[in-house]
Structures are given as structure tokens and as C-alpha cells.
Amino acid sequence: RQDQYSIVFGGFNCFEFGKDYAKRMDFLIPAETLDAFKSNLLLIHTGVSRNAQSAVEQVYQNHQTSSGQSALDKLARLGLEFARMLEKKNFTDCAMIMEENFKTQIQLATASSNEYLDHMYDFAKRHGAIGGKIAGAGGGGAFMFYCDDPEYLKNSMKEEFVDCFEIDFDFH
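An account of the accompanying structure is given in this report. (Residues numbered from 1 in each chain as written. Predicted model: local features only at pLDDT ≥ 70, side-chain atom pairs only at ≥ 80, totals over all residues. Heavy atoms only, no water.)

### Section: the pairing of strand S4 (residues 129-134)
Then comes step 1: For S4, the tally of buried residues reaches 6 of 6 residues, placing the bulk of the element in the interior.
Then comes step 2: Sheet analysis places S4 next to strand S5 (residues 142-147), joined by 5 bridges and oriented antiparallel. Within S5, the residue paired with Ile-134 across the bridge is Phe-143. (Buried < 20%, exposed > 50% of the residue type's maximum accessible area, 1.4 Å probe, protein only. Helix = DSSP H or I, 4+ residues; strand = E, 2+ residues; numbered from the N terminus. Pairing = 2+ DSSP bridges.)

Encoded structure:
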């Protein structure tokens, strides 16, 4: 459901979702802060095409279990904490929250990752990524990494994983 709201509002937003409502939170992150954060981000396609349906089906199966509900609650808390840290320009904490989000996403749906993606993530961490997460439902697609030297990380990733490629993006 968050995708539709993101499209409607555009830009960088934080939402609160309930059973029968969605509310845009009052986080106004200045463009300068987003630009500073982006300067240390790398969005890189894994080179793995996937059908996100299996991850989505696992989320649907698990969301009403106690562990699934716990993971969803944690993801909501992490999202709010991420917005707070971004607002404070605490980008390193943002990176750590991204990593915790990724781990929690895997708890909710193991199809969000696989051995190859785990290897890519571990490689990125060994080559300068402070934190990161898979984008979307997972199982392939793209990673977003926060690091001190995105150019070095990009080149290292492309050398090790020849099918991966950088994706240019903007928050505005």
C-alpha cells in the first residue's frame, strides 16, 4: 500500500499506516540534507531478475503470525527511527537502520534474500558499505548501500559481480 502513497505525494515521505487509514507524518527533510545523504549512497542492481511474488506471498502468509506481526512492528519502528535520524543528519545511524530493516525483512519473508544476495551484501560490507538493504520485495532487484566512498564500492561490486550495474536516482 505504501507504493501508491509514495507515487501520489512524491519526494521523500514517512507514512503511518493503520488498518483503515494512512497518514503522512510531519517530517520535512530539506533538499540539502537529502543531497548530503545521497552523496554517500549507491543504488546498484544485483543483476538478478526475480519474481517478487514469492516474497509477497510469504509476507501474506506470515503477517498474521506472532513472529510476522513482530517483524512488521519492528519495520514500522525502524522506518520512524530512520526518518528521525535523517532529520538529524545522522547518516551513519540511517545506514545501520537500513541494515536492520533488511534483516527484519528477511525474517518476515526468507525469499527476500538468497545465498547469492547474501554474498553480495557481505562483499559490499567488506568493501566499505556501512549499511544497506534490498529495495522492494527482495529476491533480486537492487541494493541501496550507504558508504564513505560510493565510487570505490561501485567499482568493487562491478568487478566481483559482472552483471550488476549502478542505478541513478534522485529524491526530488
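### Observations concerning helix H5 (residues 91-108)
Then comes step 1: In a regular helix each residue adds 1.5 Å, so 18 residues correspond to 26 Å; H5 covers 25 Å between its end C-alpha atoms and thus fits that length.
Then comes step 2: Buried within H5 are the following residues: Phe-91, Cys-94, Ala-95, Ile-97, Met-98, Glu-99, Asn-101, Phe-102, Thr-104, Gln-105 and Leu-108.
Then comes step 3: Along its buried surface, H5 packs onto helix H2 (31-38), helix H3 (53-62), helix H4 (66-87), helix H6 (115-126), S4 and S5. (Expected span 1.5 Å × (residues − 1). Contact = heavy atoms within 4.5 Å.)

### Here we look at the nonpolar core
Nonpolar side chains in soluble globular proteins tend to end up buried together.
Then comes step 1: Core analysis: the biggest nonpolar cluster contains 20 residues, and Phe-37, Leu-41, Phe-82, Leu-86 and Tyr-146 have the highest contact counts within it.
Then comes step 2: Of all elements in the fold, only H2, strand S3 (41-45), H4, H5 and S5 reach the threshold of two or more residues within this core.
Then comes step 3: In terms of residue count, H5 provides more of this core than any other element does, 5 residues in total.
Then comes step 4: For Phe-82, the residues in contact, after removing those within four places along its chain, are Phe-12, Phe-37, Cys-94, Ile-97 and Met-98.
Then comes step 5: Formed by 17 residues, the second largest nonpolar core is a distinct cluster that contains Leu-117, Phe-123, Phe-143 and Phe-145. (Core = buried A, V, L, I, M, F, W, Y, C linked by side-chain atoms within 4.5 Å.)

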